[in-house]
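So the chains spell out like this:
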Amino acid sequence: FLMVLVACTLVGLRWNRYQRSNQQVELERLLNGTFELEQVADQKVGENSDLLSQKITFSGGKMAGETRIKTNSPAGTTAIPFPDKTISGYRDSLDGEVTTFRWQGAYSALSGWRMTCHVGTSTYTVNTHWDAKTHILSLERDFILTYPGPFRYRLVASYAPSKP
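The structure presented is a predicted model; accordingly, all values stated were derived computationally and were not measured.

**Q** When you look at the side chain of serine 53 in this model, what are you seeing that I'm missing?
**A** Along the chain, serine 53 turns up in strand 3 (residues 51-59). Apart from residues lying up to four places away in sequence, serine 53 is in contact with Val45, Glu66, Thr67 and Arg68.

**Q** Explain the pattern of salt bridges to me, please; I cannot follow it from the model alone.
**A** It is possible for side chains bearing opposite charge to pair when their charged atoms get close. The tally for this structure, following the rule as stated, stands at two salt bridges. In this structure, arginine 29 and glutamate 26 form a salt bridge, with 2.9 Å as the shortest nitrogen-oxygen distance. Taken together, the residues span about one helical turn, with arginine 29 and glutamate 26 both in helix 1 (residues 2-31) at a distance of three residues. One salt bridge in this structure joins arginine 154 and glutamate 38, with 2.5 Å as the shortest N-O distance. With a gap of 116 residues between them, arginine 154 in strand 10 (residues 151-158) and glutamate 38 in strand 1 (residues 33-40) connect regions that are remote in the sequence.

**Q** Looking at this structure, I do not really get the packing of aromatic side chains. What am I missing?
**A** Two aromatic rings, taken as a pair, are described by how far apart their centres are and by the angle between their planes. Inspection of every chain in the model, using the stated rule, returns five aromatic pairs. Taking the centre distance of 5.7 Å and the plane angle of 75° together, the rings of phenylalanine 35 and phenylalanine 58 count as edge-to-face. You can see phenylalanine 35 sitting in strand 1 and its partner phenylalanine 58 sitting in strand 3, a full 23 residues away along the chain. Of the two residues, phenylalanine 35 and phenylalanine 58, both sit in the buried class. For the pair phenylalanine 58 and tyrosine 107, a centre-to-centre distance of 5.1 Å together with 90° between the ring planes defines the contact as edge-to-face. In this pair, phenylalanine 58 is assigned in strand 3 and tyrosine 107 in strand 6 (residues 98-110), connecting sequence segments 49 residues apart. Residue class for tyrosine 107 comes out buried when judged on its relative accessible area of 5%. Of the aromatic side chains, those joined through ring pairs into one cluster are Phe35, Phe58, Tyr107, Trp130, Phe143 and Tyr153. In this structure, arginine 141 packs its charged tip against the face of tyrosine 124, placed 3.7 Å from the ring centre.

Reading the values: rules and limits
Residues numbered from 1 in each chain as written. Predicted model: local features only at pLDDT ≥ 70, side-chain atom pairs only at ≥ 80, totals over all residues. Heavy atoms only, no water. Helix = DSSP H or I, 4+ residues; strand = E, 2+ residues; numbered from the N terminus. Contact = heavy atoms within 4.5 Å. Salt bridge = Lys/Arg side-chain N within 4 Å of Asp/Glu carboxyl O. Phe/Tyr/Trp six-rings, centres within 6.5 Å; stacked < 30°, edge-to-face > 60°. Buried < 20%, exposed > 50% of the residue type's maximum accessible area, 1.4 Å probe, protein only. Lys NZ or Arg CZ within 6 Å of the ring centre and 35° of its normal.

Here it is as structure tokens:
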């Protein structure tokens, strides 16, 4: 009986490792693309918001983003933890009303639909949820913005190979 119990335990441990590995592979596959931020908490992103847009491209463990904000707004002064090593460039619109930031970082998929992110000098874990019907990636916190979440990103371009 003891041998059977030990064998079942070992099989269970191997199955858990296999499950986590499959979740990581699936999350990596789903993230391979470009996502556009649609909503922060209950507020839509766009022309009627201080946060005009944010896009993120994930590929091979690296992420690159572009964030557009109204310059003289709370988003322009407190929502983004700039300046630091996160920024790879920025530009102001001709009228000075809009500032666009380009930033980059790295990510790795974890088990349980989580990911570790390295952006600038920060490293943190983010819980994710993927809705396959709507192509929405929901995050409990953002990669760069300091607003309270959740954050809803829509997949706008996928570079992922088809599921085998």
